[in-house]
Amino acid sequence: MVSREEAETEELSTVEEFILMALYARPPGGKGGKLRLQKIMFKLAEVFEELREELDFEPYSYGPYSEAVEEYRNMLENSGLISNTDLTEEGRRLAGAVWRRADEHVRKVVKSIVEFIEALNDDELLLYIYVTSPNMAEKSAVRENVMKNRVKIALRMLKKGVISIGMAAKLAGLPLNEMMKLAVRQGIKPFEAVVPSS
């Protein structure tokens, strides 16, 4: 006999399952929002082929955008499972069931991508996306401003402990040794490990 929960989760598409898992994995007090959901799904589609096949990301005003993600988000909202990008009580129950049913590797990947993206301010998120996926920045409305401040933004991310010194150098567009000197001058210890509290 199939439980109600199992029957409900089997009715979900792969994309809906990943959206629910991403929202379920969001840390308490996370920023949320459609911009972050789009970027989370973009990064997940880089890892999971089944998402890459479903979601056609294109360069847009704020980097990668998939109309399909928005359509699936709307369907989940119309079903009463989410409100904007927050899980409803029913949505949290169903997302929990999807989460528990998912493979451990999938949960780890989803959790790490969500936590990373949720830890970033908008300009940090956009800099990361624009540098790591430059083809998705070509139509950006804010790219010029973000790139103009890339060194300052990269140093802030390094100070927060969300990126390595190597990634900071890449985001800043500087050689590693120059980034290390800048970090030290700013009082940032570039080789100090940041251990998550969870």
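So, a few notes on the structure that sits alongside this text. Quantities reported herein were computed from a predicted structural model and do not represent experimental measurements. (Residues numbered from 1 in each chain as written. Predicted model: local features only at pLDDT ≥ 70, side-chain atom pairs only at ≥ 80, totals over all residues. Heavy atoms only, no water.)

## What about the nonpolar core?
Formed by 65 residues in total, the largest nonpolar core has its most connected members in Phe-18, Met-41, Leu-44, Leu-51, Val-110 and Met-179. A total of eight residues in this core trace back to one element, the largest contributor, which is helix H2 (residues 14–25). Those residues in contact with Leu-44 that lie beyond four places of it in its chain are Phe-18, Leu-51, Val-109, Val-110 and Ile-113. (Core = buried A, V, L, I, M, F, W, Y, C linked by side-chain atoms within 4.5 Å. Buried < 20%, exposed > 50% of the residue type's maximum accessible area, 1.4 Å probe, protein only. Helix = DSSP H or I, 4+ residues; strand = E, 2+ residues; numbered from the N terminus. Contact = heavy atoms within 4.5 Å.)

## Topic: helix H7 (residues 104–118)
The terminal C-alpha atoms of H7, which comprises 15 residues, lie 21 Å apart, in line with the 21 Å expected from a rise of 1.5 Å per residue. For H7, the set of buried residues is Val-106, Val-109, Val-110, Ile-113, Val-114, Ile-117 and Glu-118. For H7, the angular spread of the buried residues around the axis is 145°, confining them to a single face. Contacts made by the buried residues of H7 are with H2, helix H3 (34–47), helix H6 (89–101) and helix H8 (122–132). If you check the start of H7, you find a side-chain oxygen 3.0 Å away from the backbone N of His-105, and it comes from Asp-103. (Expected span 1.5 Å × (residues − 1). Arc of directions from axis to C-beta. Polar contact = N/O pair within 3.5 Å; in protein donor to acceptor, adjacent residues only side chain to side chain.)

## Focus on the packing of H2 against H3
Look at H2 against H3: their axes get within 11 Å of each other, and the N-to-C directions meet at 120°. Put simply, H2 runs oblique to H3. In the packing of H2 onto H3, the handedness of the crossing is right-handed. Touching Val-15, Phe-18, Ile-19, Ala-22 and Leu-23 of H2 are Leu-37, Ile-40, Met-41 and Leu-44, all from H3. Class assignment of the residues belonging to the contact of H2 with H3 gives a composition of nine nonpolar, no polar and no charged. (Axes fitted to C-alpha atoms, helices over the stretch in contact; angles between N-to-C directions. Parallel < 35°, antiparallel > 145°, perpendicular 65-115°, else oblique. Left-handed = near helix turned anticlockwise from the far one by under 90°. Nonpolar A, V, L, I, M, F, W, Y, C, P; charged D, E, K, R; others polar.)

## With respect to the environment of Val-47
Among the secondary structure elements, Val-47 is positioned in helix H3. Note: C-alpha distance between Val-47 and Val-106 (59 residues apart in sequence) is 9.6 Å. If near-sequence neighbours (up to four positions away) are discounted, Val-47 is found in contact with Arg-52, Val-109 and Ile-113.

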